[in-house]
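The chain contents come next:
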Amino acid sequence: MNSNILQTPIDYLKGVGPNRADLLRKELGIHTYQDLINLFPNRYLDRTKYYKIKSLQRNNAEVQIIGQITRIQEVTQKRGKRLVATFQDDTGTMELVWFRGQKWIKENLKTNKPYVIFGKTNWYNGKFSMPHPDMELQETHEKNLRSSMQAIYPSTEKLSNKGITNRVMTKIMQQLFLETKGNFSETLNQKLLKDLNLIPKKEALFNAHFPKNQELLSRAQFRLKFEELFYIQLQLILKNLIHKSKIKGFPFKKVGNHFNTFFKDHLPFELTNAQKRVIKEIRNDLGSNAQMNRLLQGDVGSGKTIVALMSMFIAIDNGFQACLMAPTEILSVQHYNGLSEYCKSLNINIKLLTGSTKTSSRREIHESLENGELNILIGTHALLEDKVKFKNLGLAIIDEQHRFGVAQRSKLWKKNSSPPHILVMTATPIPRTLAMSVYGDLDISIIDELPPGRKSIKTVHRYDKNRLNVFKFIRDEIAKGRQVYIVYPLIQESSAMDYKDLMDGYESISRDFPMPEYQISIVHGKMKPADKDFEMQRFIKGETQIMVATTVIEVGVNVPNASVMIIESAERFGLSQLHQLRGRVGRGAEQSYCILMTSHKLSNDSKTRLETMVRTNDGFEIAEVDLKLRGPGDIMGTQQSGVLNLKIADIIKDKDILQHARHQAQQLLKLDPSLSHSENKVILETYRQLSKYKNIWNYIS
Ligand code: ADP
Ligand code: MG
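Conventions used here
- By convention here, each chain's residues receive numbers from 1 onward along its written sequence.
- Chains carry letters and ligands carry numbers; both start at the beginning, A for chains and 1 for ligands, and go up in the order they are written.
- Two thresholds apply to this predicted model, a pLDDT of at least 70 for residue-level local features and 80 or more for giving and counting side-chain atom pairs, whereas whole-chain, interface and lining totals are computed over all residues.
- Side-chain metrics in this entry use all non-hydrogen atoms of the structure; hydrogen atoms and water are not considered.
- We count a stretch as a helix when DSSP gives it H or I for four or more residues in a row; a strand needs E for two or more, and each element gets its number in order from the N terminus.
- Summary of the distance rule: residues count as near a molecule or strand when at least one heavy atom falls within 4 Å of that molecule or strand.
- Between N or O atoms, a polar contact is any pair within 3.5 Å; within protein, one atom must be a potential hydrogen donor and the other a potential acceptor, and residues adjacent in sequence are included only when both atoms are from side chains.
- Ten residue types, Ala, Val, Leu, Ile, Met, Phe, Trp, Tyr, Cys and Pro, are classed as nonpolar, four, Asp, Glu, Lys and Arg, as charged, and the remainder, Gly among them, as polar.
- Domain ranges listed in this record stem from an automatic or a database domain assignment.
- For this analysis, a nonpolar core means a set of buried residues of the types Ala, Val, Leu, Ile, Met, Phe, Trp, Tyr and Cys, connected via side-chain atoms within 4.5 Å.
- Partly exposed describes any residue whose relative accessible area lies between the buried limit of under 20% and the exposed limit of over 50%, with all areas from a 1.4 Å probe on protein chains only and scaled to the type maximum.
- For this analysis, residues touch if any pair of their heavy atoms sits within 4.5 Å.
- Whether two aromatic rings pair depends on their centres lying within 6.5 Å, for rings of Phe, Tyr and Trp, where Trp uses its six-membered ring; planes under 30 degrees apart make the pair stacked, over 60 edge-to-face, and the rest tilted.
- We call a charge positioned over a ring when the NZ of a Lys or the CZ of an Arg lies within 6 Å of the ring centre and within 35 degrees of the ring normal.
- The pairing criterion is simple: DSSP has to find at least two bridges between the two strands.
- Fitted lines through C-alpha atoms give the axes, limited to the stretch in contact for helices. The angle between two N-to-C directions lies from 0 to 180 degrees.
- The pLDDT value expresses, per residue, how confident the predictor is, ranging between 0 and 100.
- The salt bridge criterion pairs a side-chain nitrogen of Lys or Arg with a carboxyl oxygen of Asp or Glu, the two atoms within 4 Å.

S.K.: I keep staring at unusual backbone geometry and nothing clicks. Help me out?
M.R.: The linkage connecting M515 with the following residue, P516, adopts the cis geometry, with an omega of 0°. Take P516: it is sitting in the loop between α19 (496-512) and β19 (520-523). Even without being a glycine, N347 presents a positive backbone phi close to 55°. Within the element layout of this structure, N347 appears in the loop between α14 (329-343) and β12 (350-353).

S.K.: Would you mind showing me how to read the site of ligand 1 here?
M.R.: Near ligand 1, the surroundings consist of 16 residues, among which Q275, G301, K304, T305 and R454 are the closest. Between a nitrogen atom of ligand 1 and a side-chain N or O atom of Q275, the distance comes to 2.8 Å. Measuring from an oxygen atom of ligand 1, one finds a side-chain N or O atom of R587 at 3.3 Å. For the shell around ligand 1, the per-class residue count stands at four nonpolar, seven polar and five charged.

S.K.: Help me understand the domain arrangement of the protein chain in this model?
M.R.: Accessible area lost during the coming together of the parts is what is often quoted as the interface size. For the protein chain, the domain assignment lists domain 1 (48-145), domain 2 (257-287 + 302-426) and domain 3 (458-616). Of note, the centres of domain 2 and domain 3, computed from C-alpha atoms alone, are 30 Å apart.

S.K.: Honestly, the nonpolar core in this entry has me stumped. Any pointers?
M.R.: Burial of nonpolar side chains together is a common tendency in soluble globular proteins. Ranked by size, the top nonpolar core spans 38 residues in total, and within it F262, V307, M310, M312, F313, I376 and I397 carry the most contacts. Elements with a contribution of two residues or more to this core: α11 (257-266), α12 (273-287), α13 (304-317), β11 (321-325), α14, β13 (376-379), β14 (393-398) and β15 (421-426). Here this core takes ten residues from α13, the largest share from any one element. When sequence neighbours within four positions are dropped, the list of residues in contact with F313 reads H258, F259, F262, C343, L346 and I348. Counting 35 residues, the second-largest nonpolar core is a separate cluster that includes Y44, I164, I199 and A204.

S.K.: Quick question: what am I supposed to make of the packing of aromatic side chains here?
M.R.: Evaluated as defined, the whole model comprises 16 aromatic pairs. Between the aromatic rings of F226 and F230, the centroid separation amounts to 5.7 Å while the plane-to-plane angle is 20°, which identifies the pairing as stacked. With F226 and F230 both in helix α10 (residues 214-246) and four residues apart, the pair spans about one turn of that helix. With respect to class, F226 is no different from F230; both count as buried. Linked through ring pairs, F177, F184, F206 and F210 together constitute an aromatic cluster. Sitting over the face of the ring of F513, R475 holds its NZ or CZ atom 4.9 Å from the ring centroid.

S.K.: I would appreciate a short explanation of the sheet that holds strand β16 (residues 443-447) in the present structure.
M.R.: The strands making up a sheet associate through backbone hydrogen bonding, with each pair oriented either parallel or antiparallel. Strand order in the open sheet made by the seven strands is β12-β13-β11-β14-β15-β10-β16, with parallel pairing throughout. Where the open sheet ends on each side, the last strands, each with one partner, are β12 and β16. Here the strands of the sheet are splayed against their neighbours by 20° on average, with no regard to which way each runs. Note that strand β10 (residues 293-298) and β16 share five bridges and pair parallel. Within the sheet, the bridge partner assigned to G298 lies in β16 and is I447. The strands that α14 touches are β11, β12 and β13; relative to β12, the one it contacts most, it runs at about 175°.

S.K.: I would appreciate a short explanation of the confidence of the model for the protein chain in the present structure.
M.R.: Should pLDDT be low for a region, the predicted coordinates there are not to be read in detail. In this model, the protein chain carries a mean pLDDT of 87, and residues with pLDDT of at least 70 account for 91%. Overall, residues 695-701 carries pLDDT values under 50, and its contacts beyond four positions in sequence, including any with other chains, amount to 23 contacts.

S.K.: How should the packing of α11 against α13 be read in this particular structure?
M.R.: Helix packing geometry: the angle between the two helix axes and the distance between the axes. Between α11 and α13, whose axes approach to 7 Å, the crossing angle comes to 145°. For the pair α11 and α13, contact is made by N257, H258, F259, F262 and F263 and by I306, L309, M310, F313, I314, I316 and D317, respectively. Its residues assigned to classes, the contact of α11 with α13 shows nine nonpolar, two polar and one charged.

S.K.: So what exactly am I meant to see when it comes to the sheet that holds strand β22 (residues 593-598) here?
M.R.: Read across the sheet, six strands follow the order β17-β22-β21-β18-β20-β19 without closing on themselves; strand pairing throughout is parallel. Each of the sheet's edge strands pairs with one partner strand only, and the pair in question is β17 (458-463) and β19. Geometrically, the sheet is characterised by an average inter-axis angle of 20° between neighbouring strands, direction not taken into account. Helix-sheet contacts for helix α18 (residues 467-479) involve β17, β18 (483-487), β20 (546-549), β21 (562-567) and β22, and the interaxial angle to β22 is about 160°. The sheet contacts of helix α20 (residues 529-540) involve β18, β19, β20 and β21, and relative to β19 the element is tilted by about 145°.

S.K.: Where do I start with the side chain of Q138 in this structure?
M.R.: One can find Q138 in helix α5 (residues 138-144). Residue contacts for Q138: discarding those within four places in its chain leaves I66, P114, Y115 and V116.

S.K.: Mind showing me how you'd approach the pattern of salt bridges here?
M.R.: When the charged atoms of two side chains lie near each other, side chains of opposite charge can form a pair. Per the stated rule, a full pass over the model turns up 30 salt bridges. Put simply, R43 and E62 hold a salt bridge, and the shortest N to O gap is 1.8 Å. Taken together, the residues span a long stretch of sequence, with R43 in strand β1 (residues 43-46) and E62 in strand β2 (residues 62-77) at a distance of 19 residues. Taken together, the shared-partner salt bridges in this structure form one network comprising R277, E281, D285, R294 and D448.

And the structure:
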């Protein structure tokens, strides 16, 4: 009913005007009344609580104090004038400071009258001071006090500099409720309101901004968070449903010769139960009429490659081609070598295409792809080039997908007249709650079991000064026939410092592990692909015992005989990177070790990361800690998914509500997939409104 008024530009609200509107747009993204009503407070201040000046702490928190101004004085300094007022209560004095708008303040402030001031205090020159306080005469303050809880709105430095203090924000918000009469239409249906005992929308909005009491505030927050998450889930699930019904896949009805022969005669090990389950899930998808869009999560070393291969067999058995794309040359080569070995006995034509493939063989590959002779193509993003055309690509697999951008993935998807089935594999586990919101429109398979016989990797943290002991340990392991990785951080490809560290490290290791007794490989990003490959191969073949490298080896490389991973300057790595690196060892039958080397200077976050690594090998547990440390922003996919633009819910803290919301959205769509029942009219309308005014999220699938 009043959705129209809610689209009114913010400039029209009384008390806003063009300047403030501009600030609100730029600083907080508030364009309309609707945006403003959805600007929810960060927190609430107990307005009945007053501090005494004597009891102020130097923690720079926001406080509310009652007192009087005894003196106002202009202080001239090099960079301009400021206005300083002495503020006093019955326990002491402090200063109030203004750098701007002094004239107005000087004319309007009254001395020796009780004021309530509110703001952050600074400790400066042996005194507390409060710059640009929010202040009000005590009598006005008490008259205005409708609730004991004061909303504190998100703000920016610019906003407070330009005088849009929290008090001003609150006034603007009051004006909004005045103009709209607080008469906001309901956006959930009766059933949800009743089943979940939710308060009506207008009551929720009012109490979120002007809480009458704690209980109503909690109920308001619950209702609004639920609603927000509910509509996101609704959108994700609907998208998935529409996708499944609209986009026809190639039904791979047969499980044929290649798959069966391989399974019976050539499988080098017994599949784990998790692998079996996941292959079954993929088989079901491929056999249905819908196009598969599946994310396969499995910790490093959990055996995703064989799952990929067997899925490709299904495509081939049904007369289609398949491809596997990996993020690095090294990894592509390794996949190619490994999979060619498996395919040898099966008469399958498999080729490798990377940036360094020679023109002549490139031409051959293009040809055999187009005439259908080639069954499997493995490679780097070279696969995405326009010249690479398939006769009938039926299945595209992307390994370690967090290395690829959305655009690259969607390009793969367009390689065929109608889209191939897509399987993306990742060893960076995403906590379930997040996966649910980010990939709500993908189906997810999880390998949650490592192949048998793996010993869990022993991880320790050592300081640089213990290096001699660490080197002795390396020597002992090499004497037992093992191989060792030593990894240096390379945070920026271009960083000269990092390369210097790497080369210095290499030199000192060469001194401590001299030839001919020891052979050392070195691999880093500035090397030519052919040289990299050469060094890598020497290590894989066991010709070198030590591999000194940057994080280029982070992803996927498989050398089962390597049992020690030394990570230099480990404090500089992120958790998921550390976990990935550690996953390079522990792939054989021997006990493996990971040693995290650091200096003594460690931030709290670094300490948490190191402790977590030492405590656990569980990728999901590590991902949860990572999520807590970094927030969801850095986790792949979140940028596209909109979970970061949440107005009130918090994807980590509100995961129970999220689960609730997802469940309710599923139930609703099960009964009424087209939202055509009359009782769901309000949901359909809200949903349409939301998709009209929000930028529609961009999913690859
Ligand atoms: P990731 O999931 O990290 O890609 P890989 O597919 O590279 O893991 O597998 C890691 C290692 O485990 C490989 O050497 C592979 O041959 C081996 N492997 C995979 N599955 C099994 C299994 N079921 N039993 C024993 N070894 C396995
Ligand atoms: Mg892998």
